[in-house]
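Below are the chains, spelled out letter by letter.
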Amino acid sequence: MFSQSSIKAQKFYTDFFIEPMYLKRRPQPTLNWLINNKQIEDHTILKNDGKVIVSRISIGGAERSWLNTSIRCQATNTALLSPHERTARVEMHLRPTSVLITNKPGQMSADSEVTLVCITHGSRPAAQVTWFRENRRYTRGKHSEFTNETTTISRLTMLPEPDDDGAVIRCRADNPVLRVALEDSFRMSVVYKPVLTMSLGSTLNPNDIKEGDDVYFECNIKANPREHRISWYHNDHPVNQNMSSGVFISTKSLVLQGVKKRDGGLYTCRAANQMGESSSQTVYLRVQYAPICAQPSPVLIGARLDEPLRVRCTVNADPADVTFYWQFNNSGESFQVSPARYVSTGGTSSELRYRAASERDYGALLCRASNTVGRQKRPCVFQIVPAARPSPPRNCTAKRVQTSVEPYLSVKCMAGYDGGLTQHFTLDVLGENSRVLANVTASYIDLVIWFNVSWTMLDSLEEDEELAVTARNSKGSSDPVILSDLVFRDTEKRAESTTRAETKFPAAAALAGLAAILTAAGAMIVLAMRRRSETTSSSKRPSQSVVQVDAQGRRFLIAYPAPVDKLETKPDILNPKSDNEPPRVVLESTDSKNYSIRDANCDPHKSAYSPPSTAENMVRYL
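Residues numbered from 1 in each chain as written. Predicted model: local features only at pLDDT ≥ 70, side-chain atom pairs only at ≥ 80, totals over all residues. Heavy atoms only, no water.

K.L.:
Tell me about the overall build of the protein, residues and numbers included.
P.N.:
Looking only at helices and strands, one finds 2 helices and 48 strands in the protein. In the protein, buried positions account for 39% of the 622 residues. For the protein, long-range pairs separated by at least 24 residues make up 65% of all intrachain contacts whose partners lie at least 6 apart in sequence. Surface accessibility of the protein: about 35,600 Å² in total, with carbon and sulfur atoms responsible for 50%. (Helix = DSSP H or I, 4+ residues; strand = E, 2+ residues; numbered from the N terminus. Buried < 20%, exposed > 50% of the residue type's maximum accessible area, 1.4 Å probe, protein only. Contact = heavy atoms within 4.5 Å. Areas by Shrake-Rupley, 256 points an atom, 1.4 Å probe, with all protein chains shown as cover.)

K.L.:
Explain unusual backbone geometry to me, and be specific about the residues and the numbers.
P.N.:
Across residues other than glycine, the phi torsion is negative in most instances, and most of the peptide bonds are trans. Each neighbour pair has its own omega, and for N224 with P225 the value is 5°, a cis peptide bond. The topology assignment puts P225 in the loop between strand 19 (215-224) and strand 20 (229-234). Residue P319 follows D318 across a cis peptide bond; omega there is 5°. Note that P319 resides in the loop between strand 29 (308-318) and strand 30 (323-329). A positive phi angle, near 70°, is found at D236, a position not held by glycine.

K.L.:
Explain the packing of aromatic side chains to me, using residue names and the numbers behind them.
P.N.:
In the structure shown here, the tally under the stated rule is 3 aromatic pairs. Between W326 and Y342, the aromatic rings sit 6.3 Å apart at their centres with planes inclined by 45°, giving tilted as the arrangement. Remark: Y342 occurs in strand 32 (residues 342-344) and W326 occurs in strand 30; sequence separation between them is 16 residues. Using a relative accessible area of 1% as the deciding quantity, one classes W326 as buried. Note on Y342: relative accessible area 13%, which makes it buried. Cluster of aromatic residues (ring-pair linked, three or more members): W326, Y342 and F382. Its end group placed over the ring of Y233, R270 keeps NZ or CZ at 3.9 Å from the ring centre. The ring of Y325 carries R375 above its face, with NZ or CZ at 5.1 Å from the centroid. (Phe/Tyr/Trp six-rings, centres within 6.5 Å; stacked < 30°, edge-to-face > 60°. Lys NZ or Arg CZ within 6 Å of the ring centre and 35° of its normal.)

K.L.:
Kindly report on the sheet that holds strand 36 (residues 394-401), identifying the contributing residues and their values.
P.N.:
The antiparallel open sheet is built from 3 strands, whose spatial order is 36-37-40. Two strands in the sheet have a free side with no partner beyond their single neighbour: strand 36 and strand 40 (448-454). The mean inter-strand angle of the sheet, taken between neighbouring strand axes irrespective of direction, is 15°. Pairing geometry for strand 36 and strand 37 (residues 408-414), over 6 bridges, is antiparallel. If you follow V401 over to strand 37, its bridge partner there is Y408. (Pairing = 2+ DSSP bridges. Axes fitted to C-alpha atoms, helices over the stretch in contact; angles between N-to-C directions.)

K.L.:
How would you sum up the pairing of strand 15 (residues 151-158)? Please name residues and give values.
P.N.:
Successive side chains on a regular strand alternate, one facing one side of the sheet and the next facing the other. Where strand 11 (residues 114-121) and strand 15 come together, 8 bridges link them in antiparallel fashion. By the bridge assignment, T120 is partnered in strand 15 with T152. As judged from the 6 bridges shared by strand 14 (residues 142-147) and strand 15, these two strands associate in the antiparallel manner. For S144, the partnering residue across the bridge sits in strand 15 and is R155. Between strand 14 and the antiparallel strand that follows it, strand 15, lie 3 residues.

K.L.:
I'd like to hear about the state of the cysteines, residue by residue, with values.
P.N.:
Within the structure shown, the criterion is met by 5 disulfides. The residue that forms a disulfide with C313 is C367, at a sulfur-sulfur distance of 2.1 Å. The S-S bond linking C313 to C367 shows a torsion near -85°; that makes this disulfide left-handed. In this pair, C313 sits in strand 29 while C367 sits in strand 34 (residues 364-370), placing the two residues 54 residues apart along the sequence. In this structure C367 comes out as buried when scored by relative accessible area, which is 0%. (Disulfide = S-S within 2.5 Å.)

K.L.:
Outline the side chain of T470, listing residues and values.
P.N.:
Mapped onto the elements of the fold, T470 is located in strand 41 (residues 466-473). A polar contact of 3.4 Å, which involves the side chain of T470, links it to the side chain of D428. (Polar contact = N/O pair within 3.5 Å; in protein donor to acceptor, adjacent residues only side chain to side chain.)

K.L.:
Could you give an account of the sheet that holds strand 12 (residues 128-133), naming the residues involved and the relevant values?
P.N.:
Ordered in space as 13-12-16-17, the 4 strands form an open sheet in which the pairing is antiparallel. The outermost strands of the open sheet, each flanked by one partner alone, are strand 13 (136-137) and strand 17 (180-187). Where strand 12 lies against strand 16 (residues 168-175), 6 bridges are found, and the strand directions are antiparallel. Across the sheet, residue W131 finds its bridge partner in strand 16, namely C171.

K.L.:
Please provide a residue-by-residue account of the pattern of salt bridges, values included.
P.N.:
Tallied over the entire structure, the rule returns 20 salt bridges. E91 is the salt-bridge partner of R89, the closest N and O atoms lying 3.2 Å from each other. D174 is paired through a salt bridge with R172; the nearest N and O atoms lie 3.2 Å apart. (Salt bridge = Lys/Arg side-chain N within 4 Å of Asp/Glu carboxyl O.)

K.L.:
Report on the pairing of strand 18 (residues 190-200), specifying residues and quantitative values.
P.N.:
Judged from the 2 bridges that link them, strand 10 (residues 108-109) and strand 18 form a sheet pairing that is parallel. Along strand 18, the bridge assignment pairs M108 with V190. In terms of strand pairing, strand 18 meets strand 19 through 7 bridges, oriented antiparallel. Pairing of L196 across the sheet is with I221, part of strand 19.

Pasting the structure below:
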């Protein structure tokens, strides 16, 4: 009998050893070996003690064709009987004979999936297929596999990435028993949109860039095919080369000379090739700067005598850790405010406690701040003026607006000077039964007053009633602005009423015209006398507000020199200087937005100047 029913070759060209054993028979049997019915003569008797015969064959150079071959051992001792035999089948472990990536693409796109197919033959047991990118196992994508006795088909569906361009991808087939493998590979060519990485210059410290420093950015671009356009953006706005402004653009770098506060923000670079355009990540440029005013300056503040106020000064600064200084100026004096009078309210804000104890407390409060970058160049100005009645609104227009529901009257005006106090506006009916039709408050951003009144409300107006726009604050009301040439809905009724009135009272109409002429002449005489009076008494301070508004809507302050023979007290909130020290600082301007300070940084130790002798020479726009 056989000692084993099948034969396994551990490797090619190995030997087979078969040891059948037979019990003692008479006559003694002979043993024969057959492979595929072909007798093998070369065999060895290992044992023959008369009872047991052991025979072995050794065959070298096993071949792949021997797979599933039958090997028989026959024992015979007489021709009268059929020989006894045992059969074994040859089972073999075989290494792969081939592995092939069948559809190697010439070019792949990073925007499109691609399927790679790898086929391996000849391995027993079935080969294990593994995909590699360079020397690392490829784990991205989807992997499927089909296997039979000697063939394995592997499919890899992948989305190429820009980093895959130029990388080698390999398909490897391993026999898990013999530990041998075959592989096939190809180098990937991937086209893709530009991949950009932007950074601040390597020699720069991003937390130590101040106004006036030079800054540069670098844009690293990887693209296939090569990029044909590079552009730069600051806060999503294109940056163009401007040598006069210190902006220089080279191939892959942007240089900014003498940066300003406005240059801070987010920067990106963009590049385009045949596959499309892409953008880098944003890089934030922090430009540290000395403090500047956060609110428009100057600011007019109306104050009553002995009225406590809190004046808040807010600045923008980077770093935000600032130190504040306050100064008071009027037409005759200049003082540094004691630090005990103001407190910091949160880094970039300071609040000053203020009370106008006398007329000399009306003037300009100057607020300055400083940080590690430097000191504020232009101070924040708060002009403290006596509270007064507001000025009349300006440029009032009225029109009829027709809607799908009903018509209405739309009235639009520009707000005048508020008298230093909060003002609101009313649309009034002037006449015996005066009433308010509308009440609004103008926005301090655009100072536009807008009334919308239903047209049906205007039908109740009497013949002698008019519409007027009036500004009001806690000091009183302005002169009304009369709205004329209104278009009423019932125009025929208005025309009929007007004709009847002229027919019934012709003499009254004539007297009214004459009275209007005389009134106008009288007004001109009074105006001339008022101008003459103002010329002769320019040294007296007016009791009303010193703020006026010109025809273009600009606000200005007329400062009058203090009388020589009148002794006034020093401002209540300040640290006074010597009584003999002359005034030093005057606000100057040529328009309603810009101003300058006549002094070197308001240093109280600089030389003084002589105050103007007339009121006309002291007009200073705010």
